[in-house]
Amino acid sequence: MLVKFSCEELPMGYSEEEISEIIREFMRENKYFSFQRICSYIFNKASREDRIKKEENTEYRGGIKISYSDEIIVSQLLWEEIRHKRLFINFSKNPYFVQTNEIQFVVKNNG
C-alpha cells in the first residue's frame, strides 16, 4: 500500500454534462457563491458518490482536492452560465463575504 502525505489533486469521474447539471443544482439552492465554494461543493459531492479517480492501493493521508483540469472545466461552465445570463459576477468587495479575496458570482433573478 502506497501512503501519500501531501495534499493531492485528483480528477473527478464526472462528464462535463454532469458537472453542468451539478452547477445548475447548486445555483438553484444558492443566490451567490465564490469559485472556491462551488468547486468544494462539486468535489465533496463526487467524494460522497465515490466518483473521484483514486490510484489503486493508495491511502491519501495529506488530503485530496479538485484537480486543476476539473477547475478549468468548472470555470468554462460558469462562463456558459454567464453567457446565458443566468449568472453574473459582482466585482464589488463585500466585507461580510467569507472569502474576501474572491470574486462573488450571483445567480440572476429572472422574476
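Calculation criteria
Here the residue numbers are simple positions, counted from 1 along each chain's written sequence. With the structure being a predicted model, the display of local features is reserved for residues of pLDDT at least 70 and the display and counting of side-chain atom pairs for 80 or more, all residues being used for whole-chain, interface and lining totals. Side-chain measures here rest on the full set of heavy atoms in the structure, leaving out hydrogens and waters. Orientation is described by axes fitted as lines to C-alpha atoms, over the contacting stretch for helices, and by angles from 0 to 180 degrees between their N-to-C directions. A run of H or I in DSSP counts as a helix once it spans at least four residues, and a run of E counts as a strand once it spans at least two, with each numbered from the N terminus. Working rule for handedness: look at the near helix, and if it is turned counterclockwise from the far one by less than a right angle, call the crossing left-handed; if clockwise, right-handed. Whether two residues are in contact is decided by their heavy atoms, any of which lying within 4.5 Å being enough. Helix span is expected to be 1.5 Å times the residue number reduced by one. For the exposure calls, accessible area comes from a 1.4 Å probe over protein chains only, and a residue counts as buried if that area is under 20% of its type's maximum, exposed if over 50%, partly exposed in between. Residues belong to a common nonpolar core when they are buried Ala, Val, Leu, Ile, Met, Phe, Trp, Tyr or Cys residues joined through side-chain atoms within 4.5 Å.

1. Let's talk about the packing of helix H2 (residues 35-48) against helix H3 (residues 68-83)
Reasoning step 1: Running from N to C, H2 and H3 cross one another at 115°; their axes reach a closest spacing of 11 Å. Judged by the sense of rotation from one axis to the other, the crossing of H2 with H3 is right-handed. Residues Phe35, Ile38, Cys39 and Ile42 of H2 touch H3, and the partners they reach there are Glu71, Val74, Ser75 and Leu78.

2. Quick notes on helix H1 (residues 16-29)
Reasoning step 1: Relative to the 20 Å expected for 14 residues at 1.5 Å per residue, H1 spans 20 Å between its end C-alpha atoms, a close match to the ideal helical length.
Reasoning step 2: Those residues of H1 lying buried are Ile19, Ser20, Ile22, Ile23, Glu25, Phe26 and Met27.
Reasoning step 3: Among the structural elements, strand S3 (32-34), H2, H3, strand S6 (87-90) and strand S7 (104-107) are those in contact with the buried residues of H1.

3. So, the nonpolar core
Reasoning step 1: In terms of nonpolar packing, the biggest core is built from 26 residues, with Ile19, Ile23 and Ile42 touching the most fellow members.
Reasoning step 2: Contributions of two or more residues to this core are made by H1, H2, H3 and S6.
Reasoning step 3: Element by element, the count of residues in this core is highest for H2, at six residues.

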